[in-house]
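One letter stands for each residue in the lines below.
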Amino acid sequence: MDWSMLADPNILTVLVLQGLVRGAMYALMGIGLSLIFGILGVVNFAHGELFMLGSYVMYLVVGIFGMPFYLGIVAAAGVVFVCGVAIERGLVEQLRRRAGRDWISDSFVLTIGLAVVLQNLAHLAFGSRQYGVAELVAGSVPVGELEISLERLAIFGLACLAVLLLWAFMKFARTGRAIRAAAQNAEAAETLGIDVRNLFTVTFGLGAAFAGVAGALLISIYPASPTVGAEPLLKSFAVVVLGGLGNVSGAIAAGLLLGVLEAFTIFIAADGWQNVLTAYLVILVLLVRPAGLFVLGGKRA
Amino acid sequence: MFLEVNDVVAGYTKEVSILNGVQFAAEEGKVTVILGPNGAGKSTLLRTVYGYLKPRRGEVRFRGELLNGRRPSEMLRHGIAYLLQGHSVFPSMSVEENLELGAWIFGKDRQARARAIEDAYDHFPRLREKRRGAAGLLSGGEQRALEIARLVMTSPKLLLLDEPSVGLMPKLVDSVYEEIARLKDRKMTVVMVDQNVKKAVAIADQVYVLKLGANSYDGPQADFLLRMDEIVKGWL
Ligand SMILES: Nc1ncnc2c1ncn2[C@@H]1O[C@H](COP(=O)(O)OP(=O)(O)OP(=O)(O)O)[C@@H](O)[C@H]1O
Ligand SMILES: [Mg+2]
């Protein structure tokens with residue numbers, strides 16, 4: 001390894017850009033997981049399968065029906081949102097009603113089971129083949145004598161747009177404000193006449209939609225297959241541990257940071273080592289700052 | 001009767017009942033105080049009235065209407081407000097956002113919301129000064145003011161208060177009780193759980209004492225004051 005290559009501004013730029021693209025996906029996945037955990041307290045082990053659903057929707061809309069890619073993304077967001085709503089109302093809510101005080105630990109079993117069911121349904125419907133879309137956006141931009149593909153930049157831009165939309169929704173929409181309130185004190189929100197049950201449903205749908213958008217955006221890198229969600233799920237757990245459980249802005253920062261670190265690791269070591277680095281980082285953070293890197297004073301959010 | 005709790009049995013788990021047949025009534029326009037040792041079930045009684053817990057037996061009636069089985073989020077629209085035990089502001093949201101949420105049941109009616117928030121500021125000018133600041137950074141007294149402002153901004157008929165003066169500086173404690181006594185002038189009915197026997201009873205019309213999830217005493221203020229030493233013996 002020639003370390004002097006890291007001093008080349010062009011190489012640095014490309015690595016950082018690649019890292020940010022990677023990180024944008026991690027952030028999208030982590031945001032969804034964090035939202036759901038932050039409001040409902042449920043750790044969604046089926047989050048990878050929602051990513052998978054998004055990638056199949058993208059494949060159908062863009063690969064089969066030949067529609068433009070942005071329609072595929074909107075469709076993935078919509079379909080997976082509806083799936084999330086159905087999962088919350090049909091399963092999570094039922095469990096919460098029936099299982100009483102221990103429903104949170106039971107919900108782990110529920111979402112793990114759901115992941116298995118969804119994977120097998122995908123297997124039944126599409127088989128184990130991978131379905132990809134070759135290139136969403138053609139072309140590339142030069143960075144010195146190197147280049148970075150326009151597609152990667154588009155992925156990054158669209159991921160940022162999704163985050164921006166979520167931010168605006170949380171900040172300015174009535175429902176968004178109520179979701180933030182319920183995350184801080186659900187009982188107090190109820191005393192103000194806010195139906196927290198509905199917020200749970202909307203939040204689960206939103207979190208799911210983020211996983212769906214991630215799956216759709218990354219179809220050319222992660223083609224749709226029944227088990228495509230496994231790696232994104234692992235990465236989103238890493239992001240959530242680094243950023244602090246239930247902390248959405250922490251998930252964004254941790255996702256981008258992890259993406260860039262991984263891009264450098266792949267460049268310096270080899271493909272595969274980034275997963276080792278991530279694992280070590282997670283263990284280190286759990287030991288030193290269990291509340292997450294971006295939580296002030298080390299208190300849990 | 002305005003609020004009536006009849007022979008209510010309720011608890012947090014199937015095996016254990018915390019309330020064992022509690023009887024309780026609050027008269028319109030009056031302050032009714034619920035006293036009792038720690039763990040007697042005072043908060044549990046309020047939580048059961050508000051729908052956080054379902055009565056296993058017995059009934060809760062508000063102005064004759066059965067409340068059993070209604071959810072907490074429906075209560076404020078029925079005119080029942082609840083001050084939870086401990087602080088209940090949304091700490092990382094601004095004072096104004098907290099008040100906006102207090103006006104939630106006005107829905108899309110911008111004018112009603114704006115008017116309610118303006119009234120709250122007029123009543124507690126300190127809150128107007130700090131409207132942009134995070135509610136969690138307010139002092140304990142200011143947080144309590146925000147909670148009370150949020151509580152009354154929709155003009156509820158019945159207020160359930162769980163230990164409204166706990167944790168406040170002594171000089172603020174009196175102002176909280178004055179505030180509560182003034183609610184009576186606004187035709188609000190108050191049901192208050194409290195540990196501060198002297199100050200609570202001073203503004204009470206009717207007093208209840210709960211012990212181990214069951215009624216131990218009830219009577220008007222004058223009677224309680226007469227027999228106070230005997231009634232509170234053992235838990236103060
Ligand atoms: N969420 C809960 N889950 C299980 N048990 C609870 C819960 N909250 C209270 N309890 C139990 O119910 C009993 C009554 O509690 P409650 O909070 O109603 O008492 P209290 O009279 O309000 O006491 P305090 O004056 O300390 O607030 C206690 O034994 C308590 O341990
Ligand atoms: Mg209590």
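Please read all numbers here as calculations on a predicted model, not as lab measurements.

Parameters and conventions
Residues numbered from 1 in each chain as written. Chains lettered and ligands numbered in written order. Predicted model: local features only at pLDDT ≥ 70, side-chain atom pairs only at ≥ 80, totals over all residues. Heavy atoms only, no water. Near = heavy atom within 4 Å. Polar contact = N/O pair within 3.5 Å; in protein donor to acceptor, adjacent residues only side chain to side chain. Areas by Shrake-Rupley, 256 points an atom, 1.4 Å probe, with all protein chains shown as cover. Nonpolar A, V, L, I, M, F, W, Y, C, P; charged D, E, K, R; others polar. Buried < 20%, exposed > 50% of the residue type's maximum accessible area, 1.4 Å probe, protein only. Helix = DSSP H or I, 4+ residues; strand = E, 2+ residues; numbered from the N terminus. Pairing = 2+ DSSP bridges. Expected span 1.5 Å × (residues − 1). Contact = heavy atoms within 4.5 Å. Patch = residues over 30% accessible without salt bridge, like charges linked within 9 Å, V, L, I, M, F, W, Y side chains within 5 Å. Salt bridge = Lys/Arg side-chain N within 4 Å of Asp/Glu carboxyl O. Core = buried A, V, L, I, M, F, W, Y, C linked by side-chain atoms within 4.5 Å. Buried area = accessible area lost by both parts, 1.4 Å probe. Phe/Tyr/Trp six-rings, centres within 6.5 Å; stacked < 30°, edge-to-face > 60°. Lys NZ or Arg CZ within 6 Å of the ring centre and 35° of its normal. Axes fitted to C-alpha atoms, helices over the stretch in contact; angles between N-to-C directions.

Undergrad: Tell me what's going on with the site of ligand 1, and back it up with residues and numbers.
TA: In the vicinity of ligand 1 lie 14 residues, with Asn38, Lys42, Ser43, Thr44 and Gln195 of chain B positioned nearest. Looking at what sits near ligand 1, you find residues from chains A and B. In the environment of ligand 1, an oxygen atom lies 3.0 Å from a nitrogen or oxygen atom belonging to the backbone of Gly41 of chain B. Here ligand 1 has 630 Å² of accessible area as a free molecule, and 63% of this is covered by the chains. Per-class residue counts for the shell around ligand 1 are four nonpolar, seven polar and three charged.

Undergrad: Please provide a residue-by-residue account of the pairing of strand 2 (residues 19-26) of chain B, values included.
TA: Residue and element names in this part refer to chain B. For strand 2, a buried count of six out of eight residues is recorded, marking the element as mostly surrounded by other parts of the structure. In terms of strand pairing, strand 1 (residues 3-10) meets strand 2 through six bridges, oriented antiparallel. Within strand 2, the position partnered with Leu3 by the bridge is Ala26.

Undergrad: So what's going on with helix 9 (residues 230-243) of chain A? Residues and values would help.
TA: Residue and element names in this part refer to chain A. With 14 residues, helix 9 extends 20 Å between its outermost C-alpha atoms, agreeing within 8% with the 20 Å of an ideal straight helix rising 1.5 Å per residue. Taken residue by residue, helix 9 has Pro232, Leu233, Lys235, Ser236, Ala238, Val239, Val240, Leu242 and Gly243 as its buried positions. In the core, the buried residues of helix 9 are packed alongside helix 1 (9-40), helix 2 (47-64), helix 10 (248-268) and helix 11 (273-288).

Undergrad: Outline the pairing of strand 3 (residues 31-35) of chain B, supporting the account with residue identities and numerical values.
TA: In the case of a regular strand, side chains alternate between the two sheet surfaces. Residue and element names in this part refer to chain B. The element strand 3 is largely enclosed, with a buried count of five among its five residues. Burial along strand 3 is two-sided: the face carrying Val31, Val33 and Leu35 and the face carrying Thr32 and Ile34 are both buried. The sheet contact formed by strand 3 and strand 8 (residues 189-193) spans four bridges and is parallel. Residue pairing in the sheet places Val33 in a bridge with Met192 of strand 8. Of the strand pairs in this sheet, strand 3 and strand 9 (residues 206-211) are connected by four bridges, and their pairing is parallel. Along strand 9, the bridge assignment pairs Ile34 with Tyr208.

Undergrad: Quick rundown of a nonpolar patch on the surface? Include the residues and the values.
TA: Taken together, the side chains of Leu60, Ile64, Phe65, Met67, Tyr70 and Leu71 of chain A present a nonpolar region at the surface, about 600 Å² in accessible area. With respect to the element layout, Tyr70 of chain A can be found in helix 3 (residues 69-99).

Undergrad: Outline the sheet that holds strand 1 of chain B, supporting the account with residue identities and numerical values.
TA: All names here are of chain B. Ordered by their spatial adjacency, four strands build an open sheet running 2-1-4-5, and the pairing between neighbours is antiparallel. Each edge of the open sheet carries a strand with a single partner, namely strand 2 and strand 5 (65-66). Examined bridge by bridge, strand 4 (residues 57-62) and strand 5 share two bridges and lie antiparallel to one another. Residue pairing across strands places Phe62 opposite Glu65, the latter belonging to strand 5.

Undergrad: So what about the nonpolar core? Which residues, and what values?
TA: In this structure, Phe24 and Phe224 of chain B are the most contacted members of the largest nonpolar core, which totals 142 residues. Sort the elements by how many residues they give to this core and helix 8 (residues 196-217) of chain A lands first, with twelve residues. Residues contacting Phe24 of chain B, with those up to four places away along its chain left out, are Leu3, Glu4, Val5, Thr32, Ile34, Leu45, Val191 and Tyr208 of chain B. Among the nonpolar cores identified, the runner-up in size contains 17 residues, and Ile117, Tyr121, Leu146 and Ile148 of chain B belong to it.

Undergrad: Account for the interface of chain A and chain B, with residues named and values stated.
TA: Contact with chain A, which involves 19 residues of that partner, is made by 27 residues of chain B. Its largest share of buried area at the contact with chain B, chain A owes to Arg174, Thr191 and Leu192 of chain A, together 33% of the area lost on that side. Our count for the contact surface shared by chain A and chain B stands at five salt bridges. Taking the shortest distance from any N to any O, the salt bridge between Arg177 of chain A and Glu100 of chain B comes out at 3.7 Å.

Undergrad: Requested: an account of the packing of aromatic side chains, with residues and values cited.
TA: Counting across every chain of the model gives 14 aromatic pairs over all chains. For the ring pair Trp167 of chain A and Phe172 of chain A, a centre distance of 5.8 Å and an interplane angle of 90° mean the geometry is edge-to-face. Both rings, one in Phe2 of chain B and one in Phe62 of chain B, keep their centres 5.1 Å apart while their planes meet at 75°; by these two values the pair is edge-to-face. Pair noted here: Phe2 of chain B is in the segment before strand 1 and Phe62 of chain B is in strand 4, with a separation of 60 residues, a long-range link. Like Phe62 of chain B, Phe2 of chain B is buried. An aromatic cluster is present here, built from Tyr56, Tyr59, Phe126 and Tyr131 of chain A joined pairwise through their rings. Over the face of the ring belonging to Trp104 of chain B we find Arg174 of chain A, whose NZ or CZ atom lies 4.1 Å from the ring centre.

Undergrad: Could you give an account of the sheet that holds strand 3 of chain B, naming the residues involved and the relevant values?
TA: Residues and elements named next belong to chain B. Reading across from one edge, 6-7-8-3-9-10 is the order of the six strands in this open sheet, with mixed pairing throughout. In this open sheet, the two edge strands, each paired with only one partner strand, are strand 6 (80-83) and strand 10 (214-220). Here the average twist between neighbouring strands, direction ignored, is 15°. On the sheet, helix 1 (residues 42-49) packs against strand 3, strand 6, strand 7 (158-162), strand 8 and strand 9 and is oriented at approximately 150° with respect to strand 7. Here helix 9 (residues 221-232) sits on the sheet and contacts strand 3, strand 9 and strand 10; the angle it forms with strand 10, its principal contact strand, is near 135°.

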